[in-house]
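Read off the chains here:
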Amino acid sequence: MRLQSAVKSSSASIAMEGSEGTSKIHVIHPVTKLISTFPSTRYYGSKRKLLRSIYAHIRGIQFNSVLDAFGGTGSVSLLFKAMRKAVTYHDGLLFNEDVGRTLLADEIALSRTAVQDFFANVSPCTGVISRNFEGIFYPAMENHWLDGFAKLLNDRSLTVGQGALLRYLVYQACLKKRPFNLFHRANLHLRTNTGIARSFGNAVTWERSFEHHILQAYDELQHAIKPFALSSHILPSGNAEDIPTGYDLVYIDPPYVGLQDRYNRDDYWRRYHFLEGLARYNDWDARIDARSKTREFAPPSWISAWARLGSFKERLFALIDKHRSSIVVLSYVTNAHPPEAEIKEYFESKFANVSIHSAEYSHALSKLRKRELLFIGYPRT
Ligand SMILES: C[S@@+](CC[C@H](N)C(=O)[O-])C[C@H]1O[C@@H](n2cnc3c(N)ncnc32)[C@H](O)[C@@H]1O
């Protein structure tokens, strides 16, 4: 028997649930308070900083199950989880599957001490990274450390959740130690050239050890991960177009495609291929293109298909159409292709009611102020 009761108090309430003989108690914090506990992120396009505004627009909608189809850092999934919804997370990149698995878990897969013990046992060695990435993203010592991490991960028998957690922590550290937090340029020299004035980045952060950043990321996770009444579901990474229908609400936050295709070259693949390689370390070596300056390997077709002007609009509209029996919430920006007027027209042709919200936003790496848009379509009955 499932028992659920909620007792209101001034700032939080308590919910109990469980079957005979067992009962778990969850403190229900206000969602806006929970948002401030979500981990910080340096992922391109993350909605982390817009969550309060997104929440303000969706809090009044009635729904239980929700699909976050382009989940990325999982920040919007965390918002839905804090709203006590049944969340399904999905992203096109394998390393983000680790991110979803870790952040949306009901509890952290390893204790802080176990994590410290694991990383204390990393012994630097030669492997895929030190052989292929010399002078590209990290200094030699750090490449050997990353190979040592991957070797230890292979040698240990870990659960899926434990492996995802350890890789998640390393991804966060890798991002913090990179100029611009990206892997689209072979620009280690920006980090190693001393005595030059820089208008970006933080040399202190780059030089801190992997272990330092790993424990910092772990501590942030401890604040964010809480058991909620409903466990989240993580889909295998793949093409959002292939996800079956049937959710009350579908949240779509696709890559944004600029009006000129030459500026679309730095897509999610170019920005994060190194983390994707770490996620599939054992078959990475054979895939790396030695002629590529950043040692990329070939992206999955669905990442390229959603990154260029070519068929983006048709794919986006087909995805919205596929889920037209659900409430569809689309995050979008101004000055992208297709323009907002076309998206509005399309929503109005498919849904009974449409609302559009907008907020000004500036991206960390750009001085341009853009407007973030939220389209909400309510299905015809
Ligand atoms: C704008 S970001 C989403 C950000 C996310 N809402 C957040 O707050 O972190 C777009 C995401 O789409 C993913 N992606 C690109 N093509 C995809 C596809 N065909 N299917 C699923 N995900 C895809 C990228 O890996 C990226 O994480």
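Cut-offs applied
Starting from 1, residues in each chain are numbered consecutively following that chain's sequence as written. Residue-level local features of this predicted model are given only where pLDDT is at least 70; pairs of side-chain atoms are given and counted only at 80 or more, and the full residue set underlies all totals for whole chains, interfaces and linings. Think of the side-chain values as coming from all heavy atoms in the structure, minus any hydrogens and water. Axis definition: a line fitted to C-alpha atoms, limited for helices to the stretch in contact. Angles are taken between N-to-C directions and run from 0 to 180 degrees. A run of DSSP states H or I qualifies as a helix once it reaches four residues; a run of E qualifies as a strand once it reaches two. Both are numbered from the N-terminal end. Reported orientations rely on four angle classes, namely roughly parallel under 35 degrees, roughly antiparallel over 145, roughly perpendicular from 65 to 115, and oblique for the rest. Whether two residues are in contact is decided by their heavy atoms: any pair within 4.5 Å suffices. Think of it as three bins: nonpolar holds Ala, Val, Leu, Ile, Met, Phe, Trp, Tyr, Cys and Pro, charged holds Asp, Glu, Lys and Arg, and polar takes everything else, Gly as well. A crossing counts as left-handed when the near helix is turned anticlockwise from the far one by less than a right angle, and as right-handed when that turn is clockwise. Centres within 6.5 Å make a pair out of two Phe, Tyr or Trp rings, where for Trp the six-membered ring is used; the pair is then stacked when the planes are under 30 degrees apart, edge-to-face when over 60, and tilted otherwise. Each ring is checked for a lysine NZ or an arginine CZ that lies within 6 Å of its centre and within 35 degrees of its normal; such an atom marks a charge sitting over the ring. Note on exposure labels: buried denotes an accessible area under 20% of the residue type's maximum, exposed denotes more than 50%, and partly exposed covers the range between, all computed with a 1.4 Å probe on protein chains only. Along the arc lie the directions from the helix axis toward the C-beta atoms. Throughout, the term near means that a residue has one or more heavy atoms lying within 4 Å of the molecule or strand in question. Whenever two N or O atoms come within 3.5 Å, that pair is a polar contact, provided that in protein one can donate a hydrogen and the other can accept it, and provided that, for residues adjacent in sequence, both atoms are side-chain atoms. Computed with the Shrake-Rupley method and a 1.4 Å probe, the accessible areas treat only the protein chains shown as cover for residues.

Chemist: Would you mind showing me how to read the packing of helix H4 (residues 94–103) against helix H12 (residues 268–279) here?
Modeler: The geometry of a pair of packed helices is captured by two quantities: the angle between their axes and the separation between those axes. Orientation of H4 relative to H12, taken along the N-to-C sense of each, is 75°, at an axis distance of 7 Å. Classified by the interaxial angle, the pair formed by H4 and H12 is roughly perpendicular. Counting all contacts with H4, which are made through Leu-94, Phe-95 and Asp-98, the residues of H12 involved are Tyr-272, Leu-275, Glu-276 and Ala-279. Here the residues of the contact of H4 with H12 are counted per class, giving five nonpolar, no polar and two charged.

Chemist: Looking at this model, I keep getting lost on the packing of helix H15 (residues 309–322) against helix H16 (residues 340–350). Mind explaining?
Modeler: As a packed pair, H15 and H16 sit with axes 11 Å apart at the nearest point and diverge in direction by 30°. Between H15 and H16, the crossing angle belongs to the class labelled roughly parallel. Of the two elements, H15 crosses H16, and the hand of that crossing is right-handed. Along its contact with H15, which presents Lys-313, Leu-316, Phe-317, Ile-320 and Asp-321, the element H16 presents Glu-342, Ile-343, Tyr-346, Phe-347 and Lys-350. Residue classes in the contact of H15 with H16 are distributed as six nonpolar, no polar and four charged.

Chemist: What am I meant to see in the packing of aromatic side chains here?
Modeler: The geometry of two aromatic rings is summed up by the distance between their centres and the angle between their planes. For the structure shown, the criterion picks out 33 aromatic pairs. Through pairs of rings, three or more aromatic residues link up here, namely Phe-118, Phe-119, Phe-133, Phe-137, Tyr-138, Trp-145, Phe-149, Phe-183, Phe-210, Phe-274, Tyr-281 and Trp-284. Taking the ring centre of Tyr-44 as reference, the NZ or CZ of Arg-271 above it sits at 3.6 Å.

Chemist: Which parts of the structure should I look at to understand the environment of Phe-70?
Modeler: Along the polypeptide, Phe-70 turns up in the loop between strand E4 (65–68) and helix H3 (75–82). In sequence terms Phe-70 and Gly-92 are 22 residues apart; their C-alpha atoms lie 7.0 Å from each other. Aside from chain neighbours lying at most four places away, what touches Phe-70 is His-90, Asp-91, Ala-240, Ile-252, Asp-253, Pro-254, Pro-255, Trp-306 and Leu-319.

Chemist: Help me out: how do you make sense of helix H5 (residues 112–120) in this one?
Modeler: A turn of α-helix holds 3.6 residues, and therefore any two residues three or four places apart point the same way. Within H5, the full set of buried residues consists of Val-115, Phe-118 and Phe-119. Looking down the long axis of H5, one finds its buried residues gathered within 90° of arc, a one-sided arrangement. For H5, the elements touching its buried residues are helix H7 (140–155), helix H8 (160–176) and helix H11 (210–224).

Chemist: What's the story with the site of the ligand in this structure? I'm lost.
Modeler: Every one of the 25 residues lining the ligand counts as a neighbour, but Tyr-43, Lys-47, Thr-73, Asp-91 and Asp-253 are closest to it. In this structure, Thr-73 approaches the ligand through a side-chain N or O atom, which is 2.5 Å from an oxygen atom. Taking Gly-238, its main chain carries an N or O atom lying 3.5 Å from a nitrogen atom of the ligand. Computed on the free molecule, the ligand has an accessible area of 600 Å², of which 100% lies beneath the protein chains in the complex. For the shell around the ligand, a count of residues per class yields 11 nonpolar, 11 polar and three charged.

Chemist: What is the right way to read unusual backbone geometry from this model?
Modeler: Negative phi characterises most residues that are not glycine, and trans characterises most peptide bonds. Following His-337, the chain continues to Pro-338 via a peptide bond in cis, the omega torsion being 0°. Considering the arrangement of structural elements, one finds Pro-338 in the loop between strand E8 (327–333) and H16. Positive phi, normally seen in glycine, also occurs at Arg-84, with a value near 65°. Its location among the elements puts Arg-84 in the loop between H3 and strand E5 (86–89). Residue Arg-84 is classed as partly exposed on the basis of its relative accessible area, which comes to 24%. A positive phi angle is found at Asn-335, which is not glycine, with a value near 60°. Position of Asn-335 relative to the elements: it lies in the loop between E8 and H16.

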